Amino acid sequence: MRKEDCFYLGKIVSKFSFKGEVLAKLDTDEPELYENMESVLVSLRNNLIPFFIERCRLHKSALLRIDFEEVKSEDDADKIIGSELYLPLSFLPKLEGNKFYFHEVIGFAVHDAVHGAIGVITGVNDTTSQALFEVEKDGKELLIPVTDEIITKVDKEQKVMHVTTPDGLVELYLE
């Protein structure tokens, strides 16, 4: 399976026991959704390798304690520490209303309440404290904060993101 067909779930951060159990830090607001997984894809040497899970459970609410079938010693665990975990996109729970996953809105047209069509979402920058839509219009890039106050409607069928941007934001980029 290719990374493009998957979503990043988290990263193995440490060993938990001498029997090969590991702790993974998950990149999710709802880690409890992943407590009963049967398998996960582990990124090793730029390949996604399926690892089967004997048992996994939450550990101190933010981490997932995983006992893999293939990892039975500290040495085995050392080999996968730092590895990223992935799951197929089809495993993502469906979101309703204005909720969306960042990868879903790439390519959506952006329609502002005042300025009309202001471009197309080419990416989402979530490396900053505030996630930003990267919107392109006529070769120029606009950065629009991803907030409930700005996003008024997400039309998944028509692939349009309706926004009401703060005064001056659009002009800052397009004039």
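Treat the numbers as computed from the prediction; the structure is a model and nothing was measured.

So what exactly am I meant to see when it comes to the nonpolar core here?
What tends to happen in soluble globular proteins is that the nonpolar side chains get buried as a cluster. Leu9, Ile66 and Phe68 are the most contacted members of the largest nonpolar core, which totals 23 residues. Setting aside its immediate chain neighbours within four residues, Leu9 contacts Lys25, Leu26, Asp27, Tyr34, Met37, Val40, Leu85, Tyr86 and Leu87. Judged by nonpolar contacts, the second largest core, of 20 residues, contains Ala131, Phe133, Val135 and Leu142.

Would you explain the pattern of salt bridges in this entry?
Note on pairing: side chains with opposite charge can pair once their charged atoms come close. Throughout the structure, instances matching the rule amount to eight salt bridges. Among the ionic pairs, Lys15 bridges to Glu74, the shortest N-O distance being 3.4 Å. Of this pair, Lys15 sits in strand β1 (residues 6-15) while Glu74 sits in helix α1 (residues 74-80); the two residues are 59 residues apart in sequence, bridging distant segments of the chain. On the basis of relative accessibility, which here comes to 38%, the residue Glu74 falls in the partly exposed class. Here Glu54 and Lys72 are joined by a salt bridge, their closest N and O atoms 3.3 Å apart. Residue Glu54 is located in strand β4 (residues 47-59), and its partner Lys72 is located in the loop between β5 (63-68) and α1; the two are separated by 18 residues in the primary sequence. Via salt bridges that share partners, Arg2, Glu4 and Asp5 belong to a single interconnected network.

Honestly, the sheet that holds β5 in this entry has me stumped. Any pointers?
Backbone hydrogen bonds hold the strands of a sheet together, and the pairing may be parallel or antiparallel. One closed barrel accounts for six strands, arranged β1-β2-β5-β4-β3-β6; its pairing is antiparallel. Neighbouring strand axes in the sheet, compared pairwise and without regard to direction, differ in orientation by 45 degrees on average. Pairing geometry for strand β3 (residues 39-44) and strand β6 (residues 84-88), over two bridges, is antiparallel. Bridge pairing links Leu41 to Tyr86 in β6.

Is there a simple way to explain the layout of surface pockets in this structure?
Where empty space is left can be seen by rolling a probe of water-molecule size over the atoms. Empty space within the largest pocket amounts to approximately 1100 Å³. Lining the largest pocket are 26 residues, with Asp29, Leu95, Phe100, Tyr101 and Phe102 sitting closest to its centre. Among the elements that take part in the lining of the largest pocket, β1 stands out by supplying three residues, more than any other.

Can you help me understand the pairing of β3 in this one?
Along any regular strand, the residues point their side chains to alternate faces of the sheet. Counting buried positions along β3 yields five of six residues, so the element is predominantly enclosed. Two strands pair when backbone bridges link them, and β3 and β4 are joined in this way by six bridges, in the antiparallel orientation. The partner of Val42 across the bridge, within β4, is Ile49. What sits between the antiparallel neighbours β3 and β4 is a turn of two residues, in which Arg45 has the positive phi angle 50 degrees.

Explain the packing of aromatic side chains to me, please; I cannot follow it from the model alone.
Two aromatic rings, taken as a pair, are described by how far apart their centres are and by the angle between their planes. All told, the structure shown has four aromatic pairs when counted by the stated rule. Between the aromatic rings of Tyr8 and Tyr86, the centroid separation amounts to 5.8 Å while the plane-to-plane angle is 70 degrees, which identifies the pairing as edge-to-face. On the criterion of sequence distance, the pair formed by Tyr8 in strand β1 and Tyr86 in strand β6 is long-range, its members being 78 residues apart. Taken together, the aromatic side chains of Phe100, Phe102 and Phe133 make up a single cluster linked through ring pairs.

Is there a simple way to explain the side chain of Arg57 in this structure?
Tracing the backbone shows Arg57 in strand β4. Look at Arg57 and you get buried, because its relative accessible area is 14%. A polar contact is formed between the side chain of Arg57 and the side chain of Glu21, at a distance of 2.8 Å. Filtering out sequence-adjacent residues up to four positions away, Arg57 remains in contact with Glu21, Glu35, Leu63, Leu64 and Arg65.

Reading the values: rules and limits
- Every chain begins its residue count from 1, and numbering advances along the sequence as written.
- pLDDT decides what is reported in this predicted model: residues at 70 or higher carry local features, side-chain atom pairs at 80 or more are listed and counted, and totals for whole chains, interfaces and linings draw on all residues regardless.
- Excluded from the side-chain calculations are hydrogens and water; all other atoms, namely the structure's heavy atoms, are used.
- In this text, buried Ala, Val, Leu, Ile, Met, Phe, Trp, Tyr and Cys residues form a nonpolar core when linked through side-chain atoms within 4.5 Å.
- Residue exposure (1.4 Å probe, protein chains only): buried if accessible area is under 20% of the type maximum, exposed if over 50%, otherwise partly exposed.
- Working rule for contacts: check all heavy atoms of both residues, and any pair within 4.5 Å makes them a contact.
- The working definition used for a salt bridge is a side-chain nitrogen of Lys or Arg within 4 Å of a carboxyl oxygen of Asp or Glu.
- Secondary structure follows DSSP: runs of H or I at least 4 residues long count as helices, runs of E at least 2 residues long count as strands, and numbering of each begins at the N terminus.
- Pairing between strands is defined by DSSP: at least two bridges between the two strands are required.
- Angular values range over 0 to 180 degrees, each being the angle between N-to-C directions of two axes fitted as lines to C-alpha atoms, with helices fitted over their stretch in contact.
- In the cavity and pocket records, a cavity denotes points on a 1 Å grid over the protein atoms alone where a 1.4 Å probe fits but cannot get out, a pocket denotes an open set with protein on both sides within 12 Å along at least 5 of 7 lines, and lining residues are residues with an atom within 4 Å of a point.
- Grid points are joined across faces, edges and corners, and a volume is the space filled by probe spheres set on the points.
- Geometry of aromatic contacts follows a simple scheme: Phe, Tyr and Trp rings, the Trp one being its six-membered ring, pair when their centres are within 6.5 Å, and the pair is stacked under 30 degrees between planes, edge-to-face over 60, tilted otherwise.
- Definition of a polar contact: a pair of N or O atoms within 3.5 Å, with one able to donate and the other able to accept a hydrogen when the atoms are protein atoms, and with sequence-neighbouring residues admitted only if both atoms are side-chain atoms.

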